[in-house]
Amino acid sequence: MHARDVFLTQLIQGPKQFLIPIFQRKYSWQEPHCQQLFQDILRAGASQNVESHFTGSLVLIPNHQTMASIPQWQVIDGQQRLTTVTLLMAALARRAAELGVELVGMTPLKAIYGYFLTNEYGQGEAAYKLLLTKGDSEALCAVIDGKSPKSTNSKNVAENFQFFCEWLVDVETIEKVFQGFQKLKVVEVVLQQSQDDPQAIFESLNSTGVDLCQADLIRNYVLMRQQYETQTKLYLEYWYPMEQLFGSEGSYRFDRFMQDFLTLETGSSTLLRSQDVYSTFKVWFADQLEHQDVEVALKRLLKLARAHAAFMFGAEQDKSLLEAFKRLRSLAEVVSPAIMRLYDAYSPEDGEGSLKKEDFLQAVAYLESYLLRRQVCGMQTRSLGNIFANLAQHIEMGKPFETLKVALARFKRNSRFPSDSEFEHALKNHELYGLRILKFLLSNIENRGSKERIDTSSFSIEHIMPQNEKLRVEWQKMLGDSWVEIQQQWVHRLGNLTLTGYNPEYSDRSFEDKKSIENGFNDSPLRLNRYVKKEDAWTEVQIQKRGEKLAEKAIKIWTALDIDSKLVAEYELRDRQTRSSQYDIEGVLGKRNVKLYDSLQEAVLAMGDDITPIVSKKNVTFYTLSGFLQVVPRSGYLGMIMAVEHDELDPELAQEVDPTHQWSYIRHGNLTGVYRGVVNEDHIKEVLPIIRQAYEQALS
């Protein structure tokens, strides 16, 4: 790296071209930035005491990989300033010509063009000293050629050029600005392609992070190290299509995508924090380049970006998947890592996917059911991001649908998939009014499965029995003496809630009025209201009955997880085997007990081919699909817990063991049934019939 302070005029003059890499941000300076620079230049030009005015740094890297006859330099940092000065010189030359001036500061206008704006002998794009990206380049070239730039191509280039033309009001101002321009100094930093890291230098120069989002940093990190032609190819084939996916909210959407992408690619069971995206990406990308070239890594990035966009931005082309994604997204967006993993299996780069469309749709339906059931049941939603990050890591590409179901089935306690009984109880008895998903719930009960759907998007929630504590007399008489208690207990339950487009008209009217007024329940086209219009009264009896009917429909729409418990047990056993490999028998049971354990294991394994011993930190458990024998360490002997009830044993065998329930705690043990200590092989023979009985029960 070489650095020197130099007058900008000296740096620009001569046959050369400055290239803005295609991946760099578009020209973004606006009027306040231009006005500040203009005033600085004007003051420097007006004062004889000012010999130079420092205006920042310009970081360049030579573009050796080119056949161009004119030397080319990539601008790594300083493009905003260099572009603005170029616009100022173009405006100065334009205004001088309009005012009939042939010389500015003893310099002919043609020379100003030749020194600072164009290359006299350059052909095509090589004729311009500064080449911007895409639309910006077209607008700047039009300005230099004396044409009117199209603001649609580059609003900032067109507007800033016009600002400068307006501020150069007379010949005196033009002269002062030209004098000031000649006093501008920059620090020129020249990097060597094979020796210096342009991205590291770019980051240090922009360490304040102003206006640099994660998308900018990551894009620059990936592309800035490449040759100019390679940059252009990679940008056009991979990065630009990604930018198109993320649309006008590109920065925020890209950052959100990268959280999901890196969560998946790094195998994290928790959602990556947004502030860790860039640092984590650098580590991931460096690791990728150790095994493959940059293009393979970008292909992976683009593939998962398309999966992310299909779910998050409605970019899916298949109508049934699009509708399923829309429903799921309305419940929670943090499910996206799991959807991306499934989409990866559904639509691989080569060959046929391991996830069929019908299984993909069912997987999305299970995720929708999981989310809705949890909210209806009042389960916490704060940790959903981590729940779905963890779920995504358990989806295996070879069997994506099966492993998704297994993972959902294995969620316990606060993460569990609510059962039908839990869901039904909550639907009938919980106060659902106020839940974010209530309108979604009612709208889907109304429309799901019907070809004649009603657009409920403009409808609002209606309490059939009003929630106003000052109920009308008609309601009080209908509900009876306990009307206060009845209202408090039933008003916010599912059976009393519906949808309507006439909420203000219904207000707190009597039940009869709500039915009979124009557009009342009697005229309602909603299936939700069919039961209501048939009833002559509306008390807790009708509310309960309607709630039961709606709950029955909801359970059919948002179904429980359909999976064989034996399959879940097989996966649990497989995971236990994996964890078991980190422990050894001697370390768990003690050196003195190893020989005795070997004899026990030989006898137990002889009972069947489906028995697996799993070593954990504190014990050894023998499994079929469930544990039936647990061996715990004791000083000089082994403790054994057999998963069979004491009263199920023959009296002779029962005498050999003690029921575990007589102790509140068995050290190192977590199996229940009966317990026996064994000191020698004879003791093992005595309890083998009990072990066999526990084994046979586990099989059944």
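S.K.: Break down the overall build of the chain for me, citing the residues and quoting the values.
M.R.: A tally of helices and strands in the chain yields 31 helices and 16 strands. For a compact globule of 700 residues, the expected C-alpha radius of gyration is about 27 Å, and the chain comes in at 37 Å, more than 25% above that figure. When the backbone C-alpha atoms are referred to their principal axes, the chain occupies close to 120 × 85 × 50 Å. The buried share of the chain, taken over its 700 residues, is 50%. In the chain, of all internal contacts separated by at least 6 residues, the share reaching a separation of at least 24 is 71%. Per element, the accessible surface of the chain, about 33,700 Å² overall, is 47% carbon and sulfur.

S.K.: Any details on the pattern of salt bridges? Residues and values, ideally.
M.R.: Between side chains of opposite charge, a pair can form when the charged atoms approach closely. Summed over the entire model, instances satisfying the criterion amount to 31 salt bridges. Here Glu295 ties to Lys233 by a salt bridge, and the two come within 3.1 Å at their closest N and O atoms. With Glu295 in helix α13 (residues 294–312) and Lys233 in helix α10 (residues 228–246), the pair connects residues that are 62 residues apart, well separated along the chain. With a relative accessible area of 23%, Glu295 lands in the partly exposed category. The class of Lys233 is partly exposed, set by a relative accessible area of 36%. Connected through shared salt-bridge partners, Glu323, Arg327, Glu368, Arg448 and Arg453 make up one network.

S.K.: Can you break down unusual backbone geometry residue by residue, with the values?
M.R.: Notably, Asn519 is not glycine yet its phi reads approximately 65 degrees, a positive angle. Note on placement: Asn519 falls in the loop between α24 (511–516) and α25 (530–534). By relative accessible area, Asn519 is classed as partly exposed at 29%. Despite not being glycine, His668 has its phi angle at roughly 70 degrees, a positive value. Looking at the secondary structure, you find His668 in the loop between β15 (658–659) and β16 (674–678). For His668, a relative accessible area of 25% gives the class partly exposed.

S.K.: Kindly report on the side chain of Thr539, identifying the contributing residues and their values.
M.R.: Positionally, Thr539 belongs in the loop between α25 and α26 (540–557). When near neighbours in sequence (up to four residues on either side) are disregarded, Thr539 contacts Met478 and Leu479.

S.K.: Mind laying out the packing of aromatic side chains, listing which residues take part and the relevant values?
M.R.: A complete count under the given rule lists 40 aromatic pairs for this structure. Taking 5.9 Å as the distance between ring centres and 85 degrees as the angle between the ring planes, the aromatic pair formed by Phe246 and Phe313 counts as edge-to-face. Taken together, the positions of Phe246 in helix α10 and Phe313 in the loop between α13 and α14 (319–331) put the pair 67 residues apart, joining distant regions of the chain. Under the relative-accessibility criterion, Phe246 is labelled buried at 2%.

S.K.: Tell me about a positive patch on the surface, residues and numbers included.
M.R.: Taken together, the side chains of Arg530, Lys534, Lys545, Lys549 and Lys553 make up a positively charged region of the molecular surface. Where the positive patch is concerned, the elements lending two or more residues are α25 and α26. Broken down by element, the residue count for the positive patch peaks at 3 residues, all from α26. Inspection of the secondary structure assignment puts Lys534 in helix α25. Under the relative-accessibility criterion, Lys534 is labelled exposed at 66%.

S.K.: Kindly report on the sheet that holds strand β11 (residues 612–615), identifying the contributing residues and their values.
M.R.: One open sheet accounts for 6 strands, arranged β11-β12-β13-β14-β16-β15; its pairing is antiparallel. Only two strands of the sheet have a single neighbouring strand rather than two, namely β11 and β15. In this sheet, strand β14 (residues 637–642) lies alongside strand β13 (residues 627–634) in antiparallel orientation, the contact comprising 6 bridges. Of the residues in β14, the one forming a bridge with Leu629 is Met642. Where helix α27 (residues 565–580) meets the sheet, its contacts fall on β11 and β12 (620–623), and the angle it forms with β11 comes to roughly 50 degrees. Sheet contacts for helix α31 (residues 681–699): β13, β14 and β16; angle to β16, the most-contacted strand, approximately 150 degrees.

S.K.: Account for the nonpolar core, naming residues and giving values.
M.R.: Residues Phe257, Met258, Leu367, Leu408 and Leu427 are the most contacted members of the largest nonpolar core, which totals 104 residues. With 11 residues, the single largest contributor to this core is α13. Residues within four places of Met258 in sequence aside, it is in contact with Ile218, Val277, Phe281 and Leu301. One finds Leu87, Val157, Phe161 and Ile174 within the second-largest nonpolar core, a separate group that totals 53 residues.

S.K.: Quick rundown of the pairing of strand β8 (residues 184–190)? Include the residues and the values.
M.R.: Among the 7 residues that make up β8, 5 are buried, leaving the element largely enclosed by the rest of the structure. The pairing of strand β3 (residues 53–62) with β8 spans 6 bridges and is parallel. Along β8, the bridge assignment pairs Ser57 with Val187.

S.K.: Lay out the sheet that holds strand β4 (residues 72–77) with the relevant residues and their values.
M.R.: Strand order in the open sheet formed by 6 strands is β1-β8-β3-β4-β2-β7, and the pairing between neighbours is mixed. Two strands in the sheet have a free side with no partner beyond their single neighbour: β1 (2–7) and β7 (130–131).

S.K.: An account of helix α12 (residues 277–291) is requested, with residue identities and associated values reported.
M.R.: With 15 residues, α12 should cover 21 Å at 1.5 Å per step; its first-to-last C-alpha distance of 22 Å lies within 8% of that length. Along α12, the residues classified as buried are Val277, Tyr278, Thr280, Phe281, Trp284, Phe285 and Gln288. All buried residues of α12 fall inside an arc of 150 degrees around its axis, so they share one side. Exposed residues lying more than 90 degrees from the buried face of α12 are Val283 and Glu290.

S.K.: Would you mind going over helix α18 (residues 400–410) in detail, with residue names and values included?
M.R.: Burial within α18 is extensive, with 8 of its 11 residues counted as buried. Taken residue by residue, α18 has Pro400, Phe401, Thr403, Leu404, Lys405, Val406, Ala407 and Leu408 as its buried positions. Turning to α18, the residues buried within the fold contact α15 (336–346), α16 (357–376), α17 (384–393) and α27.

S.K.: Let's hear about the packing of helix α9 (residues 214–223) against α12: which residues, and what values?
M.R.: Axis separation between α9 and α12 bottoms out at 10 Å; the angle between their running directions is 20 degrees. In terms of axis orientation, α9 runs roughly parallel to α12. Taken as a pair, α9 and α12 cross one another with a handedness that is right-handed. Contacts between α9 and α12 involve Gln214, Leu217, Ile218, Tyr221 and Val222 from the first element and Val277, Tyr278, Phe281, Lys282 and Phe285 from the second. Looking at side-chain class alone, the contact of α9 with α12 contains 8 nonpolar, 1 polar and 1 charged residues.

S.K.: Provide a residue-level description of the state of the cysteines, including the pertinent values.
M.R.: Scanning all chains against the criterion turns up 0 disulfides. In this structure Cys141 is a free cysteine whose sulfur lies 17 Å from that of Cys165, the closest cysteine sulfur available.

S.K.: Report on the environment of Lys618, specifying residues and quantitative values.
M.R.: Note on placement: Lys618 falls in the loop between β11 and β12. When the C-alpha atoms of Lys618 and Gly114 are compared, they prove to be 83 Å apart, with 504 residues separating the residues in sequence. Aside from chain neighbours lying at most four places away, what touches Lys618 is Val588, Pro633 and His668.

Thresholds, definitions, all that
Residues numbered from 1 in each chain as written. Predicted model: local features only at pLDDT ≥ 70, side-chain atom pairs only at ≥ 80, totals over all residues. Heavy atoms only, no water. Helix = DSSP H or I, 4+ residues; strand = E, 2+ residues; numbered from the N terminus. Rg over C-alpha atoms; globule rule 2.2 N^0.38 Å. Buried < 20%, exposed > 50% of the residue type's maximum accessible area, 1.4 Å probe, protein only. Contact = heavy atoms within 4.5 Å. Areas by Shrake-Rupley, 256 points an atom, 1.4 Å probe, with all protein chains shown as cover. Salt bridge = Lys/Arg side-chain N within 4 Å of Asp/Glu carboxyl O. Phe/Tyr/Trp six-rings, centres within 6.5 Å; stacked < 30°, edge-to-face > 60°. Patch = residues over 30% accessible without salt bridge, like charges linked within 9 Å, V, L, I, M, F, W, Y side chains within 5 Å. Lys, Arg positive; Asp, Glu negative; His and termini not counted. Charge placed at Lys NZ, Arg CZ, Asp CG, Glu CD. Pairing = 2+ DSSP bridges. Axes fitted to C-alpha atoms, helices over the stretch in contact; angles between N-to-C directions. Core = buried A, V, L, I, M, F, W, Y, C linked by side-chain atoms within 4.5 Å. Expected span 1.5 Å × (residues − 1). Arc of directions from axis to C-beta. Parallel < 35°, antiparallel > 145°, perpendicular 65-115°, else oblique. Left-handed = near helix turned anticlockwise from the far one by under 90°. Nonpolar A, V, L, I, M, F, W, Y, C, P; charged D, E, K, R; others polar. Disulfide = S-S within 2.5 Å.

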